[in-house]
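# An overview of the molecular structure
Here are the chains, one letter per residue:
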Amino acid sequence: MLHELLRVPITGSSLLVPVYVIAALLAGWVLIGPRRERHRLRRAAVRIGGAAVGAAVGLAAVWWTGDVQDDFGVQFTPVTRMWIAFAFAGVVLLLVVAVQGGWLARVLAVAAAGALVLSAGLGVNVDFGFYKNIEQAVATNPYPTRDLRTMAGTGSHLEVDAADWHAPAGMPSTGETISVKIPGTVSHFRARKAVVWLPPAAQVADPPRLPVIVALSGQPGQPADMFQTGDLGSFLGRYAAAHHGLAPIVVSPDQLAAPNRNPMCVDSRRLGRSATYVMTDTVHWIEHHLPVATGPGAWGVLGFSQGATCTMQFSTEHPDVFGSALAISSELAPVTGNAHTSTELAFGGSTAAYRAAAPVAIMAAHGQYHDHLTVFGYGSMDAPYRASTETLHAAAVRAGMQTQVIVSPGSAHDWNTVRYVLAHGLPVVLAHLGLPQQDGAL
């Protein structure tokens, strides 16, 4: 019973409409008050004024933390700003009624404030496209842990030829998503468990050597985000179903070490050796534990937000490892807070070292890339990341990369953008990885 309740959708109208209606009715009753309440109009005016002040405080808080301080690294949409204003209005309304007195009014004010805050949380969640149900919010990594040592050395040692591939009897019909521990043997980076997606073709007794994609979450985030919220496994599952079980193996390592931590995918004394963890520990683990093809033509990397910035860093600096990249809303450079803070934390105060770590600088220093694909994506309502993407795209074109830009209509720096770009960008990446051409979006 509890399991079913946790899986109730929290983004559909069947839940949202009743919550919004109840919140509106409670807030309206508390604002106006009962007919027989003494000094009803005066009290109502004070309550309405308090709610208005609360809404203004909420908007000011969003402006200061989001627009001025850039604490969240995103530009909030008008919808999110509206919901935050409602939440602050509900809290201030509760305080006003608590001062005015009356036990019934106070009880209803608590209910109204709770309903408004709940409505705001649900509304912001829909706007960002993050949690689909309660289980996603409370289960940070729902995938079972499995020891993949048994797969080491397995496989025919033949890289898959899509034209000659025939699904063997008994091949599973769906992909499998699991959790694994990738130790920081060289980096000593304290990473959380990674998530691995195995297509049906990788689950047979004698699997071929398949392409591999390294997928990186945003920050705050966790390795499961690309699957739970980004639907990466679902998209690739549809692809595999249409191509006899073929699809890339996906490994989503933890480049952060904690949800709100940002090591910027570089090696530093203060933040840890995140770059070495991904490019040495994770790459070596993949090569020794999974039946994957070799060479940059069969390896890709993708990510969102902080993970997209890491994607650009790794793909431009290590074209000998990654021949394909998909970057969704990438920053121009590795950053936590601002450039000055980033320079002090990760580059020992060296401005030159910080500038050299920017993907544009890496591309300029490298020169021309050969047979290298980068797919860029961003939301049409996300002006800051549109600007950064345009700059990165121009640099990639100058460096001789094959490129494509995908714009998600009507979305911003959120998971709606991620899902749209994955659906439309993955077919391009998969074809570059040597897999069958996919007509249309996934």
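Above this text is the structure in question.
So, how was this worked out
- Residues numbered from 1 in each chain as written.
- Predicted model: local features only at pLDDT ≥ 70, side-chain atom pairs only at ≥ 80, totals over all residues.
- Heavy atoms only, no water.
- Disulfide = S-S within 2.5 Å.
- Helix = DSSP H or I, 4+ residues; strand = E, 2+ residues; numbered from the N terminus.
- Buried < 20%, exposed > 50% of the residue type's maximum accessible area, 1.4 Å probe, protein only.
- 1 Å grid on protein atoms, 1.4 Å probe; cavity = no way out; pocket = protein on both sides within 12 Å on 5 of 7 lines; lining within 4 Å.
- Points joined across faces, edges and corners; volume = space filled by probe spheres on them.
- Nonpolar A, V, L, I, M, F, W, Y, C, P; charged D, E, K, R; others polar.
- Pairing = 2+ DSSP bridges.
- Right-handed = clockwise from strand over helix to strand, strands pointing away.
- Axes fitted to C-alpha atoms, helices over the stretch in contact; angles between N-to-C directions.
- Parallel < 35°, antiparallel > 145°, perpendicular 65-115°, else oblique.
- Left-handed = near helix turned anticlockwise from the far one by under 90°.
- Contact = heavy atoms within 4.5 Å.

## Observations concerning the state of the cysteines
What the rule picks out here adds up to one disulfide. The side chain of Cys265 participates in a disulfide bridge whose partner is Cys310; the two sulfur atoms lie 2.1 Å from each other. Linking Cys265 and Cys310, the disulfide has an S-S dihedral of approximately 90° and is accordingly described as right-handed. In this pair, Cys265 is assigned in the loop between strand S4 (249-252) and strand S5 (267-268) and Cys310 in helix H10 (residues 306-317), connecting sequence segments 45 residues apart. Across the pair, exposure class does not vary: Cys265 and Cys310 are buried alike.

## Description of the layout of surface pockets
By volume, the second largest pocket is sized at about 210 Å³. Elements with a contribution of two residues or more to the lining of the second largest pocket: helix H9 (274-289) and H10. Considering each element in turn, the lining of the second largest pocket owes the most residues, four residues, to H9. For the lining of the second largest pocket, the residue count by class is nine nonpolar, four polar and one charged.

## Notes on the pairing of strand S10 (residues 402-408)
Of the pairings in the sheet, the one linking strand S9 (residues 373-379) to S10 comprises seven bridges and is parallel in character. Along S10, the bridge assignment pairs Thr374 with Thr403. Of the crossover connections in this fold, the one passing from S9 over helix H14 (residues 383-398) to the parallel S10 is right-handed.

## Brief notes about the packing of helix H8 (residues 232-242) against helix H15 (residues 415-432)
Look at H8 against H15: their axes get within 10 Å of each other, and the N-to-C directions meet at 45°. Between H8 and H15, the crossing angle belongs to the class labelled oblique. Considering how the two elements wind past one another, H8 and H15 form a crossing that is right-handed. Between H8, through Leu232, Phe235, Leu236 and Tyr239, and H15, the contact on the second element is made entirely by Arg419, Leu422, Ala423, Leu426 and Leu430. By residue class, the composition of the contact of H8 with H15 is eight nonpolar, no polar and one charged.

## Quick notes on the sheet that holds strand S1 (residues 176-180)
The sheet built from eight strands is open, its strands ordered S1-S2-S4-S3-S7-S8-S9-S10 with mixed pairing. Looking at which strands have only one partner, the edges of the open sheet turn out to be S1 and S10. Pairs of neighbouring strands in the sheet enclose a mean axial angle of 15°, with direction left out of account. Contacting strand S2 (194-198), strand S3 (212-216), S4 and strand S7 (299-304), H8 runs over the sheet at an angle of about 15° to S2. On the sheet, H9 packs against S1, S2, S3, S4 and S7 and is oriented at approximately 130° with respect to S7.

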